[in-house]
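In case you want the letters, here they are:
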Amino acid sequence: MKLIKLDAIDSTNDFLKSLASQDELENFTVVTAENQTKGKGQVGGVWKTQAGKNLTMSVLVKDFLFSNEEVFNLSVLVALSIAEVLKSLNIPDICIKWPNDILSYNKKLVGILIENTLKSDGRIVSVVGIGINVNQTDFDELPNASSLAVISGKPFEKEEIAILIVEKLKEKIQSWKTESQNFWNEYFNFLFKKGVPTAFRDNNEQDFMGIIQGVSPVGKLQVLLEDDSIAEFEIKEIKMLY
């Protein structure tokens with residue numbers, strides 16, 4: 001795989017998107033940065049990270065998505081690839097908090113932001129942004145976050161983790177046509193709070209109880225409500241309280 005290592009950049013996603021627009025970049029090209037000054041989270045959020053401590057990377061994925069209805073399939077494979085790599089590194093109690101945060105012991109380890117660009121010929125080119133708390137140990141301002149080093153008690157080699165994740169993602173994309181249902185089942189098995197009564201808050205600041213049933217093919221969270229109806233929610237329409 002082609003690996004571009006940067007000391008500092010505003011956003012690895014923006015850098016890779018710019019490269020991809022100007023050049024026929026090799027599929028699965030990776031950009032990493034020791035310091036990211038304007039990291040992005042889901043729907044306009046911000047990803048903050050200590051310089052040099054964590055893995056900040058973006059991966060180019062082409063020739064996998066061919067319609068907007070398929071976009072969440074890539075989220076499934078990325079989250080699953082990272083979850084499996086972290087399990088292989090003996091990080092315990094790994095789960096995927098919808099849509100694709102990775103937690104251990106209810107603490108956030110990984111944030112994922114996938115940005116898709118529709119080309120004039122109908123192709124969808126994706127830039128997969130991944131932020132992993134690796135060797136940072138101070139989370140005083142982020143009480144819901146932790147890192148691989150805090151949880152395991154030892155430091156990790158960031159580039160090695162990046163390579164493992166990209167190789168795992170490539171494997172899954174290559175076998176998607178025959179294994180897609182198995183991958184979705186694995187994603188459901190990792191899903192945080194699935195089948196457990198959970199408190200939520202909606203966009204109107206109203207709290208309610210529900211039970212996560214699963215995720216729709218287009219990525220909506222399916223929640224069983226107290227009146228026995230099942231509602232579907234888009235990203236950022238509800239917040240899980242835990």
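Above this text you will find the structure in question.
Quantities reported herein were computed from a predicted structural model and do not represent experimental measurements.

### Brief notes about the sheet that holds strand β8 (residues 197–202)
Logical step 1: The antiparallel open sheet is built from five strands, whose spatial order is β11-β10-β9-β8-β12. Every interior strand has two partners, whereas the edge strands, β11 (230–233) and β12 (238–241), have only one. Strand-to-strand, the axes of this sheet are offset by a mean angle of 50°, without reference to chain direction.
Logical step 2: By the bridge criterion, four bridges tie β8 to β12 in an arrangement that is antiparallel. Among the inter-strand pairings, Phe200 is bridged to a residue of β12, identified as Met240.

### Section: the pattern of salt bridges
Logical step 1: Here the structure, examined in full by the defined rule, presents 12 salt bridges.
Logical step 2: With a closest N to O distance of 3.5 Å, Asp101 and Lys108 form a salt bridge.
Logical step 3: For Lys108, a relative accessible area of 24% corresponds to the partly exposed category.
Logical step 4: Each member of the salt-bridge network shares a partner with another, and the members are Asp14, Lys17 and Glu115.

### Describing the nonpolar core
Logical step 1: Residues Ile82, Leu86 and Ile132 are the most contacted members of the largest nonpolar core, which totals 61 residues.
Logical step 2: Ranked by residue count, the leading element in this core is helix α2 (residues 71–88), at 11 residues.
Logical step 3: Other than its neighbours up to four places away in sequence, Ile82 contacts Ile102, Val110, Ile112, Ile130, Ile132 and Ile165.
Logical step 4: Core analysis: the second largest hydrophobic core is formed by 11 residues, Ile9, Leu16, Ala33 and Leu60 among them.

### Observations concerning the packing of aromatic side chains
Logical step 1: Throughout the structure, instances matching the rule amount to 10 aromatic pairs.
Logical step 2: Each ring, one from Phe208 and one from Phe233, has its centre 6.0 Å from the other, and the planes form 25°; the classification is stacked. Separated by 25 residues along the polypeptide, Phe208 in strand β9 (residues 207–215) and Phe233 in strand β11 bring together distant segments of the chain. Here Phe208 and Phe233 have matching classes, each one buried.
Logical step 3: Ring pairing ties together the aromatic residues Phe72, Trp184, Tyr187 and Phe188, which thus form one cluster.

The rules behind these values
- Residues numbered from 1 in each chain as written.
- Predicted model: local features only at pLDDT ≥ 70, side-chain atom pairs only at ≥ 80, totals over all residues.
- Heavy atoms only, no water.
- Pairing = 2+ DSSP bridges.
- Helix = DSSP H or I, 4+ residues; strand = E, 2+ residues; numbered from the N terminus.
- Axes fitted to C-alpha atoms, helices over the stretch in contact; angles between N-to-C directions.
- Salt bridge = Lys/Arg side-chain N within 4 Å of Asp/Glu carboxyl O.
- Buried < 20%, exposed > 50% of the residue type's maximum accessible area, 1.4 Å probe, protein only.
- Core = buried A, V, L, I, M, F, W, Y, C linked by side-chain atoms within 4.5 Å.
- Contact = heavy atoms within 4.5 Å.
- Phe/Tyr/Trp six-rings, centres within 6.5 Å; stacked < 30°, edge-to-face > 60°.

By themselves, these figures tell us nothing about what the structure is for.
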